[in-house]
Amino acid sequence: MIRETIEEVITKPTKRYLRRLGLNTLFGTTRTKEILHVNPTIIPHREEAREVRAYVYDFDATHFEEHEFNAVEPCYRFRHSNRISWINVDGLRKADVESVCLHYEIHPLLIEDILSINQRPKMDEVEGVLFCLLNMLYFNDKAGTVEQEQISIVLGKDFVISFQEDASRDVFNPLREKLKLASSKIRQRSADYLCYSMLDLIVDNYFSVMEKLGDRIEELEEQVIHNSNSRSLARISSLRKELIVLRRNIIPVRDLVSGIIRSESDLLDDRTTKYFKDVYDHIMQAQDLVDNYRDIMVTMQDLHINNVNLRMNEVMKVMAIVTCVLAPATVIGGIFGMNFDKIPYLHNDYGFYIAVLLMLLIPVYMLWLFRKRGWF
């Protein structure tokens, strides 16, 4: 319904005008198709990362080690360290992912999910491991767009493995700082608490993205109210698509966390369940906020369309008034302009002045009458 309304309002001249403004990327963009339209029957093609870096955090209550490697093979020696290991692989290569999963006995179906593109967030339990796939979200202030990065988290016995697409950014820096503190809860708990902490940071970052997007929506709302134009409609369309991206990434995380809470896996400690419930509450709040933003965008779009119609009505009203005001002068001029021998006041010295006076008095009376009736 929304898309059909926009297509009706945005005419071809308007689209050409928006292209001149550099806003042509809002209509049927490649980015939108890649993010919002996914065909699961087509085998995804992922470009191999140029370099792969592996970060290992091996710890317990009294011991902490941090390592950085340019390959994944050195991580294997931490499999039996008798401590909790967090292996974070930045950059995805099929051979490296398969090698890590083979060493840690991760099912081949999960390997396909790790290497997938635009996968829907989900949670699986396969052969002794708990697998979570979701997206980290970032807000590009320059482009005003929501960017996503797929992350796969594998929880096993005394280890957590995370696979990230982009090695240049993530949201786990606060977690890394906490791991260095011997008094932190993460150091005192098992691997499932580490998995909770990672999910909690990802979900909390959703609010940061929504806050920045909310600021853009507020600015646009002021613009639509005070100066609604074609650029406003283009921005409405753009922000609406970003909200779709947000909703597509946030809503499935609710089912992911809910699945963890209902799970009876031995990898999950009963004490950690209440923490996952807290994450569930956060993701529900995020969902409500996205729904509110979506309602605001629908209302804003209706407001823009109403403003356009209101301006059109004002223009038509002025044109109608001008036509009505000029009609008596046209009629009088037409009558006295007829080619007949006998026309009233034809030879009267004041005939011309009388005709002009009538042409002025009648429109003035009409304007007074229109104003009295509240027509303008």
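Right above here is the structure, for reference.
Here the structure is a predicted model, which means the values were calculated and not measured.

Working note: non-glycine residues mostly have negative phi, and peptide bonds are mostly trans. Despite not being glycine, Asn82 shows a phi value in the positive range, around 65°. Following the sequence through the fold, Asn82 ends up in the loop between strand 2 (64–69) and strand 3 (84–90). At Asp158, a residue that is not glycine, the phi angle is positive and equals roughly 65°. Looking at the secondary structure, you find Asp158 in the loop between strand 6 (145–156) and strand 7 (159–164).

The next point concerns the packing of aromatic side chains. Under the defined criterion, the tally for this structure stands at 9 aromatic pairs. Ring plane angle 55° and centroid distance 4.9 Å describe the contact between Tyr104 and Phe159, whose orientation is recorded as tilted. Taken as a pair, Tyr104 in the loop between helix 4 (94–103) and helix 5 (108–114) and Phe159 in strand 7 lie far apart in primary sequence, 55 residues in all. With respect to class, Tyr104 is no different from Phe159; both count as buried. Ring plane angle 45° and centroid distance 5.2 Å describe the contact between Tyr196 and Tyr275, whose orientation is recorded as tilted. You can see Tyr196 sitting in helix 8 (residues 191–226) and its partner Tyr275 sitting in helix 10 (residues 270–336), a full 79 residues away along the chain. Take Tyr196 and Tyr275: they sit in the same class, and that class is buried.

Running from N to C, helix 8 and helix 10 cross one another at 15°; their axes reach a closest spacing of 10 Å. Here helix 10 runs roughly parallel to helix 8, going by the angle between their axes. The interaxial crossing formed by helix 8 with helix 10 has left-handed handedness. Partitioning the contact of helix 8 with helix 10 into residue classes produces 23 nonpolar, 6 polar and 5 charged.

About the thresholds
- Residues numbered from 1 in each chain as written.
- Predicted model: local features only at pLDDT ≥ 70, side-chain atom pairs only at ≥ 80, totals over all residues.
- Heavy atoms only, no water.
- Helix = DSSP H or I, 4+ residues; strand = E, 2+ residues; numbered from the N terminus.
- Phe/Tyr/Trp six-rings, centres within 6.5 Å; stacked < 30°, edge-to-face > 60°.
- Buried < 20%, exposed > 50% of the residue type's maximum accessible area, 1.4 Å probe, protein only.
- Axes fitted to C-alpha atoms, helices over the stretch in contact; angles between N-to-C directions.
- Parallel < 35°, antiparallel > 145°, perpendicular 65-115°, else oblique.
- Left-handed = near helix turned anticlockwise from the far one by under 90°.
- Nonpolar A, V, L, I, M, F, W, Y, C, P; charged D, E, K, R; others polar.

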